Every structure is written in structure tokens, then in C-alpha cells.
Amino acid sequence: MDSEERAIWRRLVREANRLGHEGKRVLNAEVFCPTSAASNYTPFLLLDNGPKTATENW
């Protein structure tokens, strides 16, 4: 893991923690590697946007 990928992972973890503190559910966190020399690492967060309580309607 190079320093650029490590920095992206750190940023992604901070964002996931922030969302968790706001009460949102993070289902998956992933960093996609560059597909070409001109592209960069791409962070990806999958959130659950379902109801927050058992009585909440969709």
C-alpha cells in the first residue's frame, strides 16, 4: 500500500465514522485502484438509507 492509497483509506474511515456518529449506517467501505496511469484511487461508501426506527414508514 503506497502513501496515496493509505491517505484515501484514512479519509474514507474518517468519513464513515462521521456518518456513523450522525446515525447513518455504513454497510461497506472500499477503495478502488486506478484503472489507468491518469486515474486516481476512488473511495466508495455504501449506506443504508432505510428507516431509522421500527415504526418509521418508507
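Check the entry above for the structure.
Residues numbered from 1 in each chain as written. Predicted model: local features only at pLDDT ≥ 70, side-chain atom pairs only at ≥ 80, totals over all residues. Heavy atoms only, no water.

## What about the overall build of the chain?
Check the secondary structure of the chain and you find one helix and two strands. What you see in the chain, going N to C, is helices and strands ordered as α-β-β. The proportion of buried residues among the 58 residues of the chain is 16%. Relative to all contacts within the chain whose residues are 6 or more apart in sequence, the contacts with residues 24 or more apart total 29%. (Helix = DSSP H or I, 4+ residues; strand = E, 2+ residues; numbered from the N terminus. Buried < 20%, exposed > 50% of the residue type's maximum accessible area, 1.4 Å probe, protein only. Contact = heavy atoms within 4.5 Å.)

## Looking at the packing of aromatic side chains
On inspection of all chains with the given rule, the structure shows one aromatic pair. With a centroid separation of 5.9 Å and 55° between ring planes, the pair formed by F32 and F44 is classed as tilted. Here F32, found in strand β1 (residues 25–32), pairs with F44, found in strand β2 (residues 42–48); they are 12 residues apart in sequence, far enough to count as distant. Overall, F32 belongs to the partly exposed group, its relative accessible area being 43%. For F44, a relative accessible area of 35% puts it in the partly exposed group. (Phe/Tyr/Trp six-rings, centres within 6.5 Å; stacked < 30°, edge-to-face > 60°.)

## Description of the pattern of salt bridges
Throughout the structure, instances matching the rule amount to four salt bridges. Measuring nitrogen to oxygen at the nearest pair gives 2.5 Å for the salt bridge that ties E15 to R18. Of the two residues, E15 and R18 are both situated in helix α1 (residues 3–21); the distance of three residues between them amounts to about one turn of the helix. On the accessibility criterion, E15 (29% relative accessible area) is partly exposed. (Salt bridge = Lys/Arg side-chain N within 4 Å of Asp/Glu carboxyl O.)

## Examining a positive patch on the surface
A surface patch of like charges, here positive, comprises R6, R10, R11 and R14. Along the chain, R10 turns up in helix α1. Given the relative accessible area of 53%, R10 is considered exposed. (Patch = residues over 30% accessible without salt bridge, like charges linked within 9 Å, V, L, I, M, F, W, Y side chains within 5 Å. Areas by Shrake-Rupley, 256 points an atom, 1.4 Å probe, with all protein chains shown as cover. Lys, Arg positive; Asp, Glu negative; His and termini not counted. Charge placed at Lys NZ, Arg CZ, Asp CG, Glu CD.)

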